[in-house]
Amino acid sequence: MYADYTTMPQVGPVRSTRDQFLQFALPQDAILAHIGGSPYARNLLALLDYDTIDGYYLGTSSYWFDVERSRPKPFGKLNEYCWFTDASLLWNGMERADVLTTGETWPLFQFSSETAEPSQEAYWIELRYSDLSVTSFDYGGEGEGGHIYYKNHNNAPHYDEDGSRLTYTNVIVLEANIGLKDDGMSSDVDLSGGTGWYFTAGGQQPLVWEKGAPQDRLKLTTPKGDPLYIQPGKSYIGILPTGNADVIAVSPFTPQEAAQPGE
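Residues numbered from 1 in each chain as written. Predicted model: local features only at pLDDT ≥ 70, side-chain atom pairs only at ≥ 80, totals over all residues. Heavy atoms only, no water.

Peer 1: Kindly report on the overall build of the protein chain, identifying the contributing residues and their values.
Peer 2: From N to C terminus, the protein chain includes six helices and 20 strands. Expressed as a percentage of its 263 residues, the buried residues of the protein chain come to 38%. Within the protein chain, counting contacts between residues at least 6 apart in sequence, those at least 24 apart form 55% of the total. A total of about 15,100 Å² of accessible surface is found on the protein chain, and carbon and sulfur atoms cover 51% of it. Positive and negative charge centroids in the protein chain, built from 17 and 35 side chains respectively, lie 6 Å apart. (Helix = DSSP H or I, 4+ residues; strand = E, 2+ residues; numbered from the N terminus. Buried < 20%, exposed > 50% of the residue type's maximum accessible area, 1.4 Å probe, protein only. Contact = heavy atoms within 4.5 Å. Areas by Shrake-Rupley, 256 points an atom, 1.4 Å probe, with all protein chains shown as cover. Lys, Arg positive; Asp, Glu negative; His and termini not counted. Charge placed at Lys NZ, Arg CZ, Asp CG, Glu CD.)

Peer 1: Mind laying out the pattern of salt bridges, listing which residues take part and the relevant values?
Peer 2: In total, this model carries six salt bridges according to the counting rule given. Across the pair Asp54 and Arg42 runs a salt bridge whose closest N-O atoms are separated by 3.4 Å. One end of the pair, Asp54, is in strand 2 (residues 53–54); the other, Arg42, is in helix 2 (residues 39–48), and twelve residues separate them in sequence. Two residues, Asp188 and Lys181, come together in a salt bridge whose shortest N-O distance is 3.3 Å. With relative accessibility at 33%, the residue Asp188 sits in the partly exposed group. Residue classification places Lys181 among the buried residues on the basis of a relative accessible area of 14%. (Salt bridge = Lys/Arg side-chain N within 4 Å of Asp/Glu carboxyl O.)

Peer 1: Residues and numbers for the pairing of strand 12 (residues 170–176), please.
Peer 2: For strand 12, the buried fraction is high: seven of the seven residues fall into the buried class. Here strand 12 shows two buried faces, one formed by Asn170, Ile172, Leu174 and Ala176 and the other by Val171, Val173 and Glu175. With five bridges joining them, strand 12 and strand 15 (residues 193–200) adopt antiparallel strand pairing. Counterpart to Val173 in the pairing with strand 15 is Trp197. In this sheet, strand 19 (residues 235–241) lies alongside strand 12 in parallel orientation, the contact comprising seven bridges. (Pairing = 2+ DSSP bridges.)

Peer 1: Help me get a handle on the packing of aromatic side chains, residues and values and all.
Peer 2: Per the counting criterion, the structure on display carries ten aromatic pairs. On the basis of an interplanar angle of 85° and a centroid distance of 5.1 Å, the ring pair of Tyr56 and Tyr57 is categorised as edge-to-face. Each member of the pair Tyr56 and Tyr57 is classed as exposed. Residues Phe137 and Tyr236 carry aromatic rings whose centres are separated by 5.0 Å and whose planes lie at 65° to one another, so their mutual orientation is edge-to-face. Separated by 99 residues along the polypeptide, Phe137 in strand 8 (residues 133–143) and Tyr236 in strand 19 bring together distant segments of the chain. There is no split in this pair, since Phe137 and Tyr236 are both buried. An aromatic cluster is built from Tyr123, Tyr139 and Tyr149, whose rings are joined through pairwise contacts. A cation over a ring is seen here: Arg42 above Tyr56, with NZ or CZ 5.2 Å from the ring centre. (Phe/Tyr/Trp six-rings, centres within 6.5 Å; stacked < 30°, edge-to-face > 60°. Lys NZ or Arg CZ within 6 Å of the ring centre and 35° of its normal.)

Peer 1: Please set out helix 5 (residues 87–97) residue by residue, giving values where relevant.
Peer 2: Of the residues making up helix 5, those classed as buried are Ala87, Leu89, Leu90, Gly93 and Met94. Down the axis, helix 5 shows its buried residues gathered within 155° of arc, on one side only. For helix 5, exposure combined with an orientation more than 90 degrees from the buried face picks out Ser88 and Arg96. Buried positions along helix 5 lie against strand 1 (33–34), strand 2, helix 3 (55–58), strand 3 (64–65) and strand 4 (83–84). Just downstream of helix 5, Asp98 is the residue with a positive phi angle, here 55°. (Arc of directions from axis to C-beta.)

These results come straight from atomic positions and should not be treated as a statement about function.
Right, dumping it as structure tokens:
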């Protein structure tokens, strides 16, 4: 999500969308860019008559294909990982698809530089989505733009294509009931509400979240029901299954600190 689509840099790979992604974009009145989608996502967009910049129909008028990234096979990326876009291309797609830029937009969170005291330290966070996809974050202290968590993927630092490390001010974990839809393949994520965790500045706080219908906005509160304020900066949101303690690990030490022998 970008606050200003007119200044959005080159982004990608752009992939197909899923209905759980739509349920976060719709309440923000966001301009959705994607290439295709699941039948459930398409049905939801059709039901709500929500226009998007869909590369499945708009093609190279709104997206460009990185030929060099796709070859040589078998080491090149699959074609679905080779489509990119930027602000000018999206603007062209918005005109072709008659996507409106009017209407009121909403912030995803309530922001404040003053947040509640953490319940415990969290200098290392691991989110295990599956045996093949493990995301972790090392807290690196204060950097340019504020408090920084450095992202890792499958135990290796995660870099952007320009060589910069992926960093976040906030890591938000929402616990939800997750199953399969009727097709037996697509994830069915219950986004009505639940509990979770907010990580920032090397600490963690429990949270309660509520959403409801696809068009309803995400609401974060403390367990006491007070508004949960999020630090200004870039945020990462992860959704993990409720009640599975094995998928989240938190430590007051980074792996490097934990590996150092005690004095």
